[in-house]
Structure formats: C-alpha cells, structure tokens
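Here are the chains, one letter per residue:
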Amino acid sequence: MALSLAISPCPNDTFVFHALVHGRVPGAPPVEVTYADVDVTNTAAERGAFDLVKVSYAALPWLLDDYHLLPCGGALGRGCGPLVLTGGGGTPGADLSGATVAVPGDRTTAYLLFRLWTAERPPARIEVVPFHEIMPGVAAGRYDAGLVIHEARFTYPRHGLTALVDLGEWWEADTGLPIPLGAILARRGAVDPEVAAGWIRESVRQAWADPDASRDYVLHHAQEMEPDVVDRHIGLYVNEFTADLGVDGLAAVTALLDRAADAGLTPQTSSSRATAWTS
C-alpha cells in the first residue's frame, strides 16, 4: 500500500524528501505525494488526510492527539525566521497600530511569532493572503505590511520593500533557542513513527551525500525561483535540526507552544503529551 505524503513545493522539502518520494529509500513503501502550501496542509492534517504531513509547529496543539511529531525532516534553525516587510512612504510606525498586515495563514508559525511579538503592542488589522501575493501586495500599497518567510528573505529588496523586524532575531534574542517553523507528523495508527523517522533520515542522508541527484526535481517545483535562490534556501533551512531535533530543537518547540498557550493564543499542550511527541 502506498504511503500518502503532503509537503510544500519549497526547495527544502523537495530536497529532503527526494529520495523517499522516488523510491530510493530501502524498505520504504511507494509514496503518493501532494504538494501544497503549509496553510493547506495544516487544515488537511486536522482531517487526518495524510499518513505523513508537513505542518506548522504552531498547529501542533490541534494535531497531537492524532499525530506523532517526528524528530526529523522539518524546518527549524537559526537566522531563518519570518520577516515583517513594509513598503516605506506612508507605512505606519514600528508598532503597526491600525496597519493592515497580510499574513500567510492563521495557524502558521510565522503568524504565531508575529502575535507573540505584537502581544503588548497596539493591534493591527490582519488579512490572510496567499503567500505569493504578499510582497506584490505590499509593494502596490494594498497592505501596509506583510509577513513573509523562506525565499522572501532573499528577494524582498527586489520589490522595493524594507524589513521592519526579523522575528527570528527577536525570538533568538529573547529565548536563546532556534526558530521552530515546520514539523513533520506521522498519523497515529497509519505508520510506525520510528520506522517513518528512519526513512526520512535516510532520505536526508542521501540528499546531502548527492545534492545533484535531486536538482531537476527541486527546480521543477521551486515556483520559478532562480537556482542561486534555491541553493541559498536549501542551505538555510536544511541543517543539523533536519536530521534530528535534538535537545535544543525540542526545547524550542516546547518554548513556542508554552508561550502561545500562556498568552491564550493556542490550546494548552499537556506535559504528558509533550514528553510523548517523538515516542
């Protein structure tokens, strides 16, 4: 029976999962893959739509009853956080009071970090906008500011935009921990999490051992990204935490969800569930 997998078309995901998707991981079953933005997969995971699925860490409180968090394959690191971009000119000040801010999804980690950052600041008006429309929309003046992540870190100056705040820098300075962005989950009862983690680690190992093997596949799904941007994207988001979250990675996830729950932004995640995330 085929394994259903949902990941984004972003270079970090296609690079990491190339070997698994293409039947190059010994012992792994055939894979039926769906490519979708993380805001889509967050919602699909609530319906139990996939055996393995990439979601936002911010969505975990709604998903851990039905899924195991795998300790590998996701996106977590340093210097890779979301940016709040503005277009200059009449853009509101740093507090964004009364501003209209475009965000890529209401359960994305980027938006959760934004809400934690703005917790003691005057409120902004929020609009959920497809990710690819955010920077053009800010540049055209449809939104006062936009919340972006991934390749936008490298390309936003082309749109004439300015980074108002790097939420990753804020998070790291405040916590000393890496930034938890995207998680890989295994649906309970559908796949053994230890076995699935082994498949993913082998896929990561092969990706690092032979980066050229996945090149055409990654570029095909990279949404017209230039090869240089693709390389920088992979270099930033595929790192030691991709192979294993480790102590620091799990501490970052715990800190994010504890802060969010304490602020009333997400449901509380029980300590017993927290210790069982990767079991």
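Residues numbered from 1 in each chain as written. Predicted model: local features only at pLDDT ≥ 70, side-chain atom pairs only at ≥ 80, totals over all residues. Heavy atoms only, no water.

Student: Sorry if this is basic, but what is going on with the overall build of the chain here?
Tutor: Within the chain, the secondary structure is distributed over twelve helices and eleven strands. Taking 19 Å as the expected radius of gyration for a compact globule of 279 residues, we find that the chain reaches 18 Å, a close match to that expectation. Projected onto its principal axes, the C-alpha coordinates of the chain cover approximately 60 × 45 × 30 Å. Sequence-distant contacts in the chain: of pairs separated by 6 or more residues, those separated by 24 or more amount to 79%. (Helix = DSSP H or I, 4+ residues; strand = E, 2+ residues; numbered from the N terminus. Rg over C-alpha atoms; globule rule 2.2 N^0.38 Å. Contact = heavy atoms within 4.5 Å.)

Student: Hey, could you run me through the sheet that holds strand β7 (residues 100–103) in this one?
Tutor: The strands that make up a sheet are held in pairs by hydrogen bonds between backbone atoms, and each pair lies either parallel or antiparallel. A sheet is described by the order of its strands in space; here five strands give the open sequence β8-β7-β9-β6-β10, paired in mixed fashion. In the strand order of this sheet, the two ends are held by β8 (125–128) and β10 (162–166), each with one partner. Across the sheet, the axes of successive neighbouring strands diverge by a mean angle of 25°, strand direction being ignored. Where β7 and β8 come together, four bridges link them in parallel fashion. Residue pairing for β8: V103 is matched across the bridge by V128. Seen against the sheet, helix α4 (residues 131–139) touches β6 (83–86), β7 and β9 (145–148) and runs at an angle of roughly 150° to β9. (Pairing = 2+ DSSP bridges. Axes fitted to C-alpha atoms, helices over the stretch in contact; angles between N-to-C directions.)

Student: I keep staring at the layout of surface pockets and nothing clicks. Help me out?
Tutor: Remark: the empty space left among the atoms is shown by a probe the size of a water molecule rolled over them. Here the largest pocket defines a volume of roughly 510 Å³. Those elements that provide at least two residues to the lining of the largest pocket are α2 (38–46), β3 (52–56), α3 (109–117), α4 and β11 (179–187). Broken down by element, the residue count for the lining of the largest pocket peaks at three residues, all from α2. Here the lining of the largest pocket is built from residues that sort into eleven nonpolar, eight polar and four charged. (1 Å grid on protein atoms, 1.4 Å probe; cavity = no way out; pocket = protein on both sides within 12 Å on 5 of 7 lines; lining within 4 Å. Points joined across faces, edges and corners; volume = space filled by probe spheres on them. Nonpolar A, V, L, I, M, F, W, Y, C, P; charged D, E, K, R; others polar.)

Student: Would you mind showing me how to read the state of the cysteines here?
Tutor: Two cysteines, two sulfur atoms, one covalent bond between them: this is a disulfide. For the structure shown, the criterion picks out zero disulfides. Unpaired in terms of disulfides, C72 finds its nearest cysteine sulfur in C80, a separation of 17 Å. The class of C72 is buried, set by a relative accessible area of 1%. This cysteine, C80, is not joined by any disulfide, and C10 carries the nearest cysteine sulfur, 13 Å off. (Disulfide = S-S within 2.5 Å. Buried < 20%, exposed > 50% of the residue type's maximum accessible area, 1.4 Å probe, protein only.)

Student: Honestly, the environment of D212 in this entry has me stumped. Any pointers?
Tutor: Structurally, D212 is set in the loop between α7 (193–209) and α8 (215–220). With relative accessibility at 64%, the residue D212 sits in the exposed group. As for D212 and R47, which are separated by 165 residues in sequence, their C-alpha atoms are 36 Å apart.

Student: What should I look at first to understand the pattern of salt bridges in this one?
Tutor: Once the charged atoms of two side chains with opposite charge are near each other, the side chains can pair. Following the criterion strictly, the structure yields eleven salt bridges and no others. The partner of R158 in a salt bridge is E226, with the nearest N and O atoms 2.5 Å apart. With R158 in the loop between α5 (152–155) and β10 and E226 in the loop between α8 and α9 (227–237), the pair connects residues that are 68 residues apart, well separated along the chain. For R259, the salt bridge goes to D174, with nearest N and O atoms at 2.6 Å. Placement of the pair is R259 in helix α11 (residues 246–262) and D174 in helix α6 (residues 167–175), with a sequence separation of 85 residues. Taking relative accessible area as the criterion, R259 reaches 33% and is therefore assigned partly exposed. (Salt bridge = Lys/Arg side-chain N within 4 Å of Asp/Glu carboxyl O.)

Student: Help me understand the nonpolar core in this model?
Tutor: It is characteristic of soluble globular proteins that their nonpolar side chains tend to be buried jointly. Ranked by size, the top nonpolar core spans 83 residues in total, and within it F17, L52, Y57, L60, F114 and L185 carry the most contacts. Not counting residues within four places of it along the chain, the set of residues in contact with F17 comprises L5, I7, G73, I184, I200 and S203. Residues L85, A102, I134 and A152 belong to the second largest nonpolar core, which totals twelve residues. (Core = buried A, V, L, I, M, F, W, Y, C linked by side-chain atoms within 4.5 Å.)

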